[in-house]
Amino acid sequence: MMRDIEKVLITHEEIVQKSQEMGQQITGDFKMCTDQPLLVVGLLKGSVPFMSELLKSIDLMLEIDFMDVSSYHGGTQSTNDVRILRDLETSVTGRHVLIIEDIVDTGQTLKKVVGMLESRGAASVKVASLLDKPEGRKVVLDADYVGFTIPNEFVVGYGLDYNELYRNLPFIGILKADVYA
Ligand code: IMP
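In this text, all values refer to a predicted model and were calculated from it rather than measured experimentally.

Student: Requested: an account of the sheet that holds strand β9 (residues 172-175), with residues and values cited.
Tutor: Judged by pairing direction, the sheet is antiparallel, and its three strands sit side by side in the order β1-β9-β8 without closing on themselves. Every interior strand has two partners, whereas the edge strands, β1 (5-10) and β8 (155-156), have only one. As paired elements, β8 and β9 share two bridges and run antiparallel to each other. Looking at the pairing, V155 lines up with I174 of β9.

Student: Summarise the nonpolar core; cite the residues concerned and give the values.
Tutor: Core analysis: the biggest nonpolar cluster contains 25 residues, and I26, L131 and I172 have the highest contact counts within it. Sorting the residues of this core by element identifies α1 (12-30), β2 (38-44), α2 (48-55), β5 (96-104), β6 (124-132), β7 (145-149) and β9 as the ones contributing at least two each. No other element matches α1, which puts four residues into this core. Each residue touching I26, except ones within four places of it in the same chain, is listed here: L54, I58, L60, L98, A128 and Y145.

Student: Outline the pairing of β2, listing residues and values.
Tutor: Remark: a regular strand shows side chains that alternate across the two faces of the sheet. In terms of burial, β2 is a largely internal element, six of the seven residues being buried. The pairing of β2 with strand β3 (residues 62-70) spans seven bridges and is classified as parallel. Pairing of V41 across the sheet is with D65, part of β3. In this view, the connection linking β2 to its parallel neighbour β3 by way of α2 has right-handed handedness. Bridge analysis of β2 against β5 gives four bridges, and the strand direction is parallel. Directly across from L39, in β5, lies its bridge partner V97.

Definitions and limits used
Residues numbered from 1 in each chain as written. Predicted model: local features only at pLDDT ≥ 70, side-chain atom pairs only at ≥ 80, totals over all residues. Heavy atoms only, no water. Pairing = 2+ DSSP bridges. Helix = DSSP H or I, 4+ residues; strand = E, 2+ residues; numbered from the N terminus. Core = buried A, V, L, I, M, F, W, Y, C linked by side-chain atoms within 4.5 Å. Buried < 20%, exposed > 50% of the residue type's maximum accessible area, 1.4 Å probe, protein only. Contact = heavy atoms within 4.5 Å. Right-handed = clockwise from strand over helix to strand, strands pointing away.

Given below as structure tokens:
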């Protein structure tokens, strides 16, 4: 895999450190919401490594669940055809929900998911994303918690894929152009 990487953008150590800081911030922000456990919703599959790192530093009663929502259909360009591939098992009505995402690019995926959970009656819906690519934005959507803001480049690793590969890289990297060719 390393042969296909042009450059490492964010190291594993930086991700771990940032996840700890974000987890502490989330703990402080939600500690007053004691009526029900926080519901942490991971968006499959890209959020999984970041979610497992972040959860270790959230010191609150919480439940986890997953949704699979796809706006990329194999390539490097997001589409606004956002498909729900797997829905939550948990009812969000009256719950404080924290969505965990790997990256916000166009914002279309999260806009759809946030709107859906709000319309189901969630008490609040917040978003924590490992990465943010603000130059890619096509809709108004900002994550409440962002690990790293990155330039408008296609990245892989730490959950992020190209054609389902590279998710297991322990860092965020930029692929060599000839990998797409
Ligand atoms: P959005 O709807 O355009 O914000 O796209 C969000 C989803 O697109 C993310 O959850 C990723 O799965 C995927 N995505 C966006 N940018 C990248 C990237 O640079 N590398 C890999 N996947 C990406």
